[in-house]
Amino acid sequence: MPELTDLIANAPWREAVTYRETWPHEYVMSGKNDQRNLLRAICERFRNGEGVHCRFFRMNTVYLFIGDHKYWLMTHYDKVDPDREGDGYVINRARLYRDRRDFVIQVGDTGRREDYPSEPARKRVL
């Protein structure tokens, strides 16, 4: 199988229009865009413990940080079947901010630098 960085470079990334103004990111569909090998490689990295657990508002998610982007799936990697028929799964990526928004997205943080919350994110104790 090709290297993960080669799979990423050759994927047909397209802009996600739903969050264009607030959380700009790109995506590919694993089945529709013939990116099953990319999906397999990302899931393998997650299973090997390379994912970073983060929060996106109230949602827990796992990101994979590679180069200038972070990558995530809408479905937990343990539930992914790369050979699923149809469009498959969404693979997302966003450019890194190089600040705490790469790890915690909080209320008041719109993704625009001018709206960046002045208070640091607080870890919630459950």
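Residues numbered from 1 in each chain as written. Predicted model: local features only at pLDDT ≥ 70, side-chain atom pairs only at ≥ 80, totals over all residues. Heavy atoms only, no water.

1. Quick word on the packing of aromatic side chains
Taken as a whole and assessed by the stated rule, the structure comprises four aromatic pairs. Relative to F65, the ring of Y63 lies with its centre 6.2 Å away and its plane at 65°, an arrangement referred to as edge-to-face. Here the aromatic rings of Y63 and W72 are separated by 5.5 Å at their centres, their planes lie at 85°, and the arrangement is edge-to-face. Residue classification places Y63 among the buried positions, given a relative accessible area of 4%. For W72, a relative accessible area of 14% corresponds to the buried category. Here the aromatic residues Y63, F65 and W72 are joined through ring pairs into a cluster of three or more. Over the ring of Y89 we find R84; its NZ or CZ atom is 4.5 Å from the centre of that ring. (Phe/Tyr/Trp six-rings, centres within 6.5 Å; stacked < 30°, edge-to-face > 60°. Buried < 20%, exposed > 50% of the residue type's maximum accessible area, 1.4 Å probe, protein only. Lys NZ or Arg CZ within 6 Å of the ring centre and 35° of its normal.)

2. Here we look at helix α2 (residues 36-47)
In a regular helix each residue adds 1.5 Å, so 12 residues correspond to 16 Å; α2 covers 16 Å between its end C-alpha atoms and thus fits that length. Within the span of α2, buried status applies to L38, L39, A41, I42, C43 and F46. Looking one or two places after α2, you find G49, whose phi comes out positive at around 85°. (Helix = DSSP H or I, 4+ residues; strand = E, 2+ residues; numbered from the N terminus. Expected span 1.5 Å × (residues − 1).)

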